[in-house]
Amino acid sequence: DKVIRLDNNRLSGELPAELSDIKDLVEVSLHGPENQFVGPMPQAICDVVSLTVFSLDCSATLDCSCTAACQCLGDYTPPDADDAADNTNADDQDKDVTMTVEEDSGVMSVLESISGEAVERDSSSAFKAARWIVLSDQLKRAEDDPRLVQRYCLATLFYSTGVHRFLNDDDECTWNGVICDENTLMVVGINLQGQNLEGAIPAEIGYLRYLKSLDLSDNKLGGIIPTSLGQTQIEEIVLSNNSLRSPFPETLYNKNSIQQIRIDRNLFTGSQPKWALMPNLTHISAFNNKFDGPLDPELGSLADLQVYLVSSNQISGTIPEEYTDLDNLEKFEVAENMLSGEIPSAFFGLPRLTSLSVANNNLSGKIGRQVRNMGSEWSKEGERKRKYVQLDNNNLEGRIPDDLGELEDLYLVSLHGNSFQGEMPEAICELEVASSGSSFALHKFTSDCDNVDCSCTEACQCL
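Residues numbered from 1 in each chain as written. Predicted model: local features only at pLDDT ≥ 70, side-chain atom pairs only at ≥ 80, totals over all residues. Heavy atoms only, no water.

S.K.: What is the right way to look at the nonpolar core in this model?
M.R.: A general trend in soluble globular proteins is that nonpolar side chains are found buried together. One finds Ile190, Trp275, Tyr308 and Phe332 to be the most contacted residues of the largest nonpolar core, which totals 103 residues. Those elements giving two or more residues to this core turn out to be α4 (105-115), α5 (125-136), α6 (146-160), β7 (178-180), β8 (187-191) and β25 (410-414). For this core, the element with the most residues is α6, which contributes 8 residues. Core analysis: the next-biggest nonpolar cluster, separate from the first, contains 20 residues, Leu25, Leu30, Leu62 and Cys72 among them. (Core = buried A, V, L, I, M, F, W, Y, C linked by side-chain atoms within 4.5 Å. Buried < 20%, exposed > 50% of the residue type's maximum accessible area, 1.4 Å probe, protein only. Helix = DSSP H or I, 4+ residues; strand = E, 2+ residues; numbered from the N terminus.)

In structure tokens:
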């Protein structure tokens, strides 16, 4: 498969028809406000059947809608195929809109009850979605059909994020990324991961009342998470790797349905959301943002929390003693922050903990002897889990306890960049290493060998 990505540069001129000569061409990305291509669109490119993506900042003179692979980005909205076939001019189209709106006043009243005056602003995604529903959509859901609302809200989402190419006359449950309940045919999930979405998440998404899962990760979305999301039955929010910003919607607080929130690799700032007000959370992923302030002691009340990932922020303060109550915690990763103080001794021995990553902070104190019990519950249940202990680049001191070598299925230990002293524990020296072929053997052990020489094990890396 051939891919050409020239987006977001300063290219100009006409598109060469010779692009169509490239065998197995599946993607052409030419969008970006500083690219200045001019039309017309070569028909030879329109006829390339292998194309799945052709992105462009369309204009009145250069419009890629002749191909089903077209993604018109920027502010231009290409005319609907039905309108183009009628060969009507702009004035005639406006008359048709007015006429159809009068004929479908009941439908428009429903749409206006959702989006308000936005359905009358020709630059809004609500207007474009309403226009598609009224003028182009051949399914023609009636005003009293409860599925009219979800069809419109999905259309608004697609227009708002630049993927209205997904719209068609088929049932919305068959649309790309849409998941419906098999019995009610109401939308319960949206998965548009990595679909090159741009723009913002529209407020209309909150009218998908039965929505449980939302995955818009790995796109180019900006703006905020709409407060209207709190009106849904949302359980999983996956918005990783976008450019979303604060504030986090308080309407999600006190929702018992929410289990997972993944907002890592965005642009959130300020204090972390009040996670403890979402009492059934099992998974929090908020690394690579700009959150600051202390860790919330109330987080320790989340009895079902399994994963807490907030590395690479600007979080300060200490690790609260209350976190030793997190008996179901499996991954605790707070590396690359500004944490200080000692790690609570009992925290090392949490019964289901498999990954402890606190590297690159200002933590002090010693490794708690309870570390031998870290993740011990897994073996009791007949499961094996690799254990990761990453404490490097802090202010930890003292001897490395023998208990660390007693930890079952120890896979990775990083202790360099601290002030440990003394001999390497014999129990660690005698651990089976990964070169033996076991997937649960010790893979790597890093140390400042001038202070503690780890060369007794083949897994040693002196740093």
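S.K.: Is there a simple way to think about the packing of aromatic side chains in this case?
M.R.: Here the distance between the centres and the angle between the planes together describe a pair of aromatic rings. Taken as a whole and judged by the stated rule, the model has 10 aromatic pairs. Taking 6.1 Å as the distance between ring centres and 75° as the angle between the ring planes, the aromatic pair formed by Tyr323 and Phe332 counts as edge-to-face. Residue Phe332 is classed as buried on the basis of its relative accessible area, which comes to 0%. Counting every residue linked through ring pairs, the aromatic cluster contains Trp132, Phe158, Phe166 and Trp175. Between Lys385 and the ring centre of Trp378, over which it is positioned, the NZ or CZ distance is 4.6 Å. The aromatic ring of Tyr411 is capped on one face by Arg386, whose charged end is 4.0 Å from the ring centroid. (Phe/Tyr/Trp six-rings, centres within 6.5 Å; stacked < 30°, edge-to-face > 60°. Lys NZ or Arg CZ within 6 Å of the ring centre and 35° of its normal.)

S.K.: Even after reading the chapter, I still don't get the state of the cysteines, so can you show me in this structure?
M.R.: Two cysteines joined by a covalent bond between their sulfur atoms form a disulfide. Scanning the entire structure with this criterion turns up 4 disulfides. One disulfide bridge connects Cys173 with Cys180, the sulfur atoms lying 2.2 Å from each other. Between Cys173 and Cys180, the S-S dihedral sits near -95°, and the bridge is therefore left-handed. Each member of the pair, Cys173 as well as Cys180, is classed as buried. Two residues share a disulfide in this structure: Cys454 and Cys460, whose sulfurs sit 2.0 Å from each other. Taking the torsion about the sulfur-sulfur bond, which here is approximately 65°, the covalent link between Cys454 and Cys460 counts as right-handed. Free cysteine Cys153: the closest other cysteine sulfur is in Cys180, separated by 13 Å. (Disulfide = S-S within 2.5 Å.)

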